[in-house]
Amino acid sequence: MAPAALDNDSVADRLEEVADLLSTQTANPFRVRAWREAAQTVRALDRDLADLVAAEGRDGLEALPGIGESLASAIEELVTSGRLALLDRLRGEVAPEDLFTRVPGIGEELASRIHEALGVETLEELELAAHD
């Protein structure tokens, strides 16, 4: 069953939540502002994000004001899956490496290599990578 598509306001809410969480962790103010501005851009759209992604893909998102490659990727992830791995991680305040060390047989060094080499952020992504 496909995930329920998030409407523009729901996507914007999640982008703002990322900005709020980054702000509480004293992240770079420019990065925080970029997430907030992306939320404003999404909220102001007169077109449904799901339709935009279906018609134009990530390029269509990057054409929006203030939306670069990484924000476009995050928005696409939210629109297509209803989730955002970065937000899940920020909510839990757990680094991926710390999360992976909870898996039997994975120590700190291997967890670090998994995260860096494979770009794996979540246990779900780790499971998929293991199956691949």
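A brief structural summary. (Residues numbered from 1 in each chain as written. Predicted model: local features only at pLDDT ≥ 70, side-chain atom pairs only at ≥ 80, totals over all residues. Heavy atoms only, no water.)

### Concerning the packing of helix α1 (residues 8-24) against helix α5 (residues 85-92)
Pairs of packed helices are described in terms of their axes, by the angle between the two and the distance that separates them. The N-to-C vectors of α1 and α5 enclose an angle of 40°; their axes lie 10 Å apart at closest approach. Judged by the angle between their axes, α1 and α5 are oblique. Viewed along their axes, α1 and α5 form a crossing whose handedness is left-handed. Here α1 contributes Arg14, Glu17, Val18, Leu21 and Leu22 to the contact with α5, which in turn contributes Leu86, Leu87, Leu90 and Arg91. Among the residues making up the contact of α1 with α5, the classes are represented as 6 nonpolar, no polar and 3 charged. (Axes fitted to C-alpha atoms, helices over the stretch in contact; angles between N-to-C directions. Helix = DSSP H or I, 4+ residues; strand = E, 2+ residues; numbered from the N terminus. Parallel < 35°, antiparallel > 145°, perpendicular 65-115°, else oblique. Left-handed = near helix turned anticlockwise from the far one by under 90°. Contact = heavy atoms within 4.5 Å. Nonpolar A, V, L, I, M, F, W, Y, C, P; charged D, E, K, R; others polar.)

### Side note on the pattern of salt bridges
On inspection of all chains with the given rule, the structure shows 8 salt bridges. The residue glutamate 56 makes a salt bridge to arginine 47 at a minimum N-O spacing of 2.8 Å. Given the relative accessible area of 40%, glutamate 56 is considered partly exposed. Residue classification places arginine 47 among the partly exposed residues on the basis of a relative accessible area of 34%. One salt-bridge network, in which partners are shared between bridges, spans Asp9, Asp13, Glu16 and Arg43. (Salt bridge = Lys/Arg side-chain N within 4 Å of Asp/Glu carboxyl O. Buried < 20%, exposed > 50% of the residue type's maximum accessible area, 1.4 Å probe, protein only.)

### Quick word on the nonpolar core
By size, the foremost hydrophobic cluster in this structure holds 29 residues, and its most contacted members are Val11, Leu15, Trp35 and Ile75. Of all the secondary-structure elements, those providing two or more residues to this core are α1, α2 (29-44), α3 (49-62), α4 (69-81) and α5. Element by element, the count of residues in this core is highest for α1, at 7 residues. One finds Phe100, Ile106, Ala111 and Val120 within the second-largest nonpolar core, a separate group that totals 6 residues. (Core = buried A, V, L, I, M, F, W, Y, C linked by side-chain atoms within 4.5 Å.)

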